Amino acid sequence: MPLNRKARTWLTESYAGDVTFEEPMSDHTSFKVGGPADALVRPKKRDDLVRLVRWASEHGITYMPIGAGSNILVRDSGIRGIVILLDGCLQTIAEKNPASGYPVVVAGAGVKLPALCAYALKHGFKGFNFILGIPGTVGGGLRVNAGAGGRSLGDVVETVGLLMPDGSIRTLQKTDLHFSYRNLDWPPELTAEPGSTPIILEADFCLKQAGKPGIRQEARQILKLRNAHQPWTAPSAGCIFKNPVGDRSAGQLIDMAGLKGKRIGDAQVSPKHANFIVNRGQATAGDILALMDLIRTSVYERYRIKLEAEVRIVG
Ligand SMILES: Cc1cc2nc3c(=O)[nH]c(=O)nc-3n(C[C@H](O)[C@H](O)[C@H](O)COP(=O)(O)OP(=O)(O)OC[C@H]3O[C@@H](n4cnc5c(N)ncnc54)[C@H](O)[C@@H]3O)c2cc1C
């Protein structure tokens, strides 16, 4: 259902200062593109979030949680309904049951992955270095099963706390969750109702105690490698395509197809890493989608391999 005047009034009265209407998503995505969301709410507290989700569900209004917006490509037409930005709440990180003998870290969904890494490094907890340099949040990272170097968040998570559309809270064990390459599938019973997207509130991660110098040394190497091979200065959403099955990565295939540096409008295949599309200034989502189409077609025509988007196209 579109946001009618009554809904806008309720949002304005309930979230004064934390709600904006026709909010450009280009201000909330790492790609710096995307048309307006009907409404964007930035809940300050967990209770505000619960109330919002319950109200939206009761009124048939769609909502979409986002964290750092670093794995989404929002179409130029924008997003209907409410975008819930989780960078202002669900920010706690703590060690759980320190007496248990092995470190379990509980982190809110709004915690930035680099902050989680920094916490682990500070306490000498091993197991998070693979997410170093990934600019997302715990919630977004789990939803897309973010990872690098053959490891992903699904490998280290123990339990996930979820906010359901009716405002109830569920805790799922790792065994209830189906993680795959850059995805987390919810158990079917959780999404039986149309539009009933659970929101990740927090997660427990199981790590190992280790010597701080060793983990720090490993962290430095990982960051050095990332900086050497990936473009960091221009806006992007990280790898644009998933690596296909086989021995050649998406980046290698795009490079071999001669597309490094290829440009449509201000969207460009990064000359540094062919699986990154970067925004050279004024790119639109349309430019990026057109470039993605061109890449898909070129790679398919040459190698008969279908590339699948890693970035989530929304709106
Ligand atoms: C320079 C750069 C490098 C990157 N490198 C990597 C990399 O090495 N590996 C990698 O995997 N990714 C990488 N990425 C992509 C991205 O940073 C990760 O996928 C990140 O984990 C996404 O988190 P986010 O908070 O930005 O999610 P968002 O982009 O905000 O959201 C992604 C999806 O998760 C959903 N979501 C967000 N929060 C929640 C929540 N609390 N509950 C339920 N659903 C939610 C959204 O609705 C959306 O569908 C990179 C991106 C950039 C810009």
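Below is a summary of the structure that appears in this document. Given the structure is predicted, the values throughout are model-derived calculations rather than measurements.

### Some remarks on the site of the ligand
Around the ligand, the structure places 35 residues, and the nearest of them are Pro65, Ser70, Thr137, Gly147 and Arg226. Pro65 is positioned with one of its backbone polar atoms (N or O) 2.7 Å from an oxygen atom of the ligand. Between the ligand and the protein, one listed contact pairs a nitrogen atom with a backbone N or O atom of Ile200 at 2.8 Å. Coverage of the ligand by the protein amounts to 94% of the 970 Å² it exposes when considered alone.

### Some remarks on the packing of helix α3 (residues 113-123) against helix α6 (residues 212-229)
Their axes nearest at 8 Å, the elements α3 and α6 cross at an angle of 145°. Contacts from Leu121, Lys122 and His123 in α3 reach Lys212, Ile215, Arg216 and Ala219 in α6.

### Looking at the pattern of salt bridges
Evaluation of the coordinates by the stated rule reveals 13 salt bridges. The partner of Arg263 in a salt bridge is Asp266, with the nearest N and O atoms 2.7 Å apart.

### Topic: the pairing of strand β15 (residues 199-206)
Remember that side chains alternate between the two faces of the sheet whenever the strand is regular. Burial analysis of β15 places six of its eight residues in the buried class, which makes it a mostly covered element. As judged from the five bridges shared by strand β7 (residues 104-108) and β15, these two strands associate in the antiparallel manner. Bridge assignment links Val105 to a residue of β15, and that residue is Phe205. Pairing of strand β11 (residues 157-163) with β15 involves six bridges; the strand directions are antiparallel. Pairing of Val157 across the sheet is with Phe205, part of β15.

### Focus: the nonpolar core
Ranked by size, the top nonpolar core spans 61 residues in total, and within it Leu11, Ile82, Leu116, Phe128, Leu142 and Phe205 carry the most contacts. Mapping this core onto the domain boundaries places at least three of its residues in each of domain 1 (5-85) and domain 2 (93-229). Membership of the second largest hydrophobic core comes to 27 residues, among which are Phe31, Leu73, Leu259 and Ala309.

### So, the sheet that holds strand β6 (residues 93-96)
Strand order in the open sheet formed by five strands is β6-β7-β15-β11-β12, and the pairing between neighbours is antiparallel. Of all strands in the sheet, those bounded by a partner on one side alone are β6 and β12 (169-173). Strand-to-strand twist in this sheet, taken as the mean axis angle between neighbours without regard to direction, amounts to 20°. Against the sheet, helix α2 (residues 46-58) makes contact with β11, β12 and β15, and its axis sits at roughly 135° relative to β15, the strand it touches most. Its contacts with the sheet put α3 on β6, β7 and β15, and the angle it makes with β6 is roughly 45°.

Rules used in this analysis
- Residues numbered from 1 in each chain as written.
- Predicted model: local features only at pLDDT ≥ 70, side-chain atom pairs only at ≥ 80, totals over all residues.
- Heavy atoms only, no water.
- Near = heavy atom within 4 Å.
- Polar contact = N/O pair within 3.5 Å; in protein donor to acceptor, adjacent residues only side chain to side chain.
- Areas by Shrake-Rupley, 256 points an atom, 1.4 Å probe, with all protein chains shown as cover.
- Axes fitted to C-alpha atoms, helices over the stretch in contact; angles between N-to-C directions.
- Helix = DSSP H or I, 4+ residues; strand = E, 2+ residues; numbered from the N terminus.
- Contact = heavy atoms within 4.5 Å.
- Salt bridge = Lys/Arg side-chain N within 4 Å of Asp/Glu carboxyl O.
- Buried < 20%, exposed > 50% of the residue type's maximum accessible area, 1.4 Å probe, protein only.
- Pairing = 2+ DSSP bridges.
- Core = buried A, V, L, I, M, F, W, Y, C linked by side-chain atoms within 4.5 Å.
- Domains from an automatic or database assignment.

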